[in-house]
Amino acid sequence: MNFKSLVGQENAKKILVQTVDRDHLPNSFLFFGPEGVGKWAAALALTAYLNCRDRTNGDSCGKCPPCRQIQKLQFPNLHIAVPTPPSKSEKEESENYWEILNAKIAEPYSLIGGKRQMSIPVAAVRHMKRSLSQKPPVDGKRVVIIEQMDRMLTASADALLKLIEEPPSRTVIIITSSRPEKILPTIISRCRRIRFSHLNEASIRSYLTDRADMGEKKSALLARLSGGSLGRALYMAEDENLQDREIAKLVFKGIFQADAAEVIAEASDLLPLNDRFRLNRVISQWQTLFRDLMLLQSGADAEKVINIDFASELERLAGRNMKREALVKIPAQLGAVIEDIDLNVEPSTAIGAALIDIQKKLAV
Ligand SMILES: [Zn+2]
């Protein structure tokens, strides 16, 4: 992974290269912005740039031993913490850890997620502190990447804060997060903040066709549905037969039917209730469907809708009488459902209650 292979993020790239070239490297960075837009990839590109033995034109070479080791996440001076599912033993924890890292090696833009709630284990920080107490490298820099820092438990975050306050020499800490508001402000204030933004549809589409080897039509649809997140597009692509998409559309349609309450009750049988990651995929599709409906209701062109494969159905629904002021609030309400499930609220209860509430509020 080098800067050249990053998708978009020209601004972030420029700042990162400059901080190294001008020797203005801070002790800690916070890479923040939406999920799946390249924070992880940029962290690795920076690690490579700091340690490459043959830097040219503001980038690492990709061929020297440190570059190759960094690509395989086996560079001795690279320490990584990632959220993992709850584990029963140290062995299981290490297996879960490597399963996630291997997925990231295969596809740096893939999202990290699982059936159950994920967090950065306390042991990860302890382990990291131990590694960092050893001698720093003679050349290059030691790099610590803390992926999705917002998923770190408070006790660990306190331990990390000490590390950031008294950084070991020749060490750079890179924290990434799509929810920086959940990180201790004392940590954030000590980091150089680098913003990552949504990617444009065209660059996501070409990544999907060129690098992920996907057909033109599917790439176009997923790029449109991804909302500017390549990770989200790749994640939706894992839903090979678009099964979750069909479920999302079916339940969405049901909300507008006369027997909505029944449809919502039956939805529990269809929804992947024991898999948070898949549920997240379904709920976020509802968000885009409601956004499209709102757009069409306010008279926008059908070409503007995100759900291009569902445009005629959306147009039909938009022709119905419903409370427009209620429609506006639905995407945020569904966002709160995703958060609730993330905080361990029982999914069928959270979703059922929200759908019934939405149906009532929309009814004229
Ligand atoms: Zn190199």
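Everything below is about the structure printed above this text.
Predicted model, so just to flag it, every value in this text is computed and none were measured. (Residues numbered from 1 in each chain as written. Predicted model: local features only at pLDDT ≥ 70, side-chain atom pairs only at ≥ 80, totals over all residues. Heavy atoms only, no water.)

Draft legend 1. Geometry of the nonpolar core. Counting 56 residues, the largest nonpolar core has Phe31, Leu46, Tyr109 and Leu230 as its most contacted members. Element by element, the count of residues in this core is highest for helix 2 (residues 39-51), at 10 residues. Listed in part, the 37 residues of the second largest apolar core include Leu289, Ala318, Ala350 and Ile358. (Core = buried A, V, L, I, M, F, W, Y, C linked by side-chain atoms within 4.5 Å. Buried < 20%, exposed > 50% of the residue type's maximum accessible area, 1.4 Å probe, protein only. Helix = DSSP H or I, 4+ residues; strand = E, 2+ residues; numbered from the N terminus.)

Draft legend 2. View of the coordination of the zinc ion. On the protein side, the zinc ion has Cys52 (SG), Cys61 (SG), Cys64 (SG) and Cys67 (SG) as donor atoms, found 2.3 to 2.4 Å from it. Sequence spacing of the donor residues for the zinc ion, all on one chain, is C-x8-C-x2-C-x2-C. Taken together, the residues span a long stretch of sequence, with cysteine 52 in the loop between helix 2 and helix 3 (65-71) and cysteine 67 in helix 3 at a distance of 15 residues. The burial state of cysteine 52 is the same as that of cysteine 67; both residues are buried. (Donors = N, O, S within 2.8 Å, 3.2 Å for Na, K, Ca; no water.)

Draft legend 3. Inspection of helix 13 (residues 276-297) at higher detail. For helix 13, spanning 22 residues, the distance from its first C-alpha to its last is 31 Å, which sits close to the expected 32 Å at 1.5 Å a residue. Among the 22 residues of helix 13, 17 are classified as buried, and the element is accordingly described as predominantly covered. Taking the backbone nitrogen of phenylalanine 277 as reference, a side-chain oxygen 3.1 Å away marks aspartate 275 as the first, capping residue of helix 13. The first or second residue beyond helix 13 is glycine 299, which carries a positive phi of 90 degrees. (Expected span 1.5 Å × (residues − 1). Polar contact = N/O pair within 3.5 Å; in protein donor to acceptor, adjacent residues only side chain to side chain.)

Draft legend 4. Spatial organisation of the sheet that holds strand 4 (residues 171-177). With parallel pairing, the 5 strands of this open sheet are ordered in space as 2-3-4-1-5. Where the open sheet ends on each side, the last strands, each with one partner, are strand 2 (78-81) and strand 5 (192-195). Pairs of neighbouring strands in the sheet enclose a mean axial angle of 20 degrees, with direction left out of account. Relative to strand 4, strand 1 (residues 28-32) runs parallel, the two sharing 5 bridges. Bridge assignment links phenylalanine 32 to a residue of strand 4, and that residue is serine 177. Contacts from helix 1 (residues 10-21) reach strand 1 and strand 5 within the one sheet, and its direction differs from that of strand 5 by about 150 degrees. In the packing of helix 6 (residues 154-165) onto the sheet, the strands contacted are strand 1, strand 3 (142-146) and strand 4, and the crossing angle to strand 4 comes to about 140 degrees. (Pairing = 2+ DSSP bridges. Axes fitted to C-alpha atoms, helices over the stretch in contact; angles between N-to-C directions. Contact = heavy atoms within 4.5 Å.)

Draft legend 5. Representation of helix 12 (residues 260-270) within the structure. Along helix 12, the positions that sit buried rather than exposed are Ala260, Val263, Ile264 and Ala267. Seen end-on, helix 12 carries its buried residues on one side only, within an arc spanning 100 degrees. In this structure, helix 12 carries Ala261, Glu262, Ala265 and Asp269 as exposed residues pointing more than 90 degrees from its buried face. (Arc of directions from axis to C-beta.)

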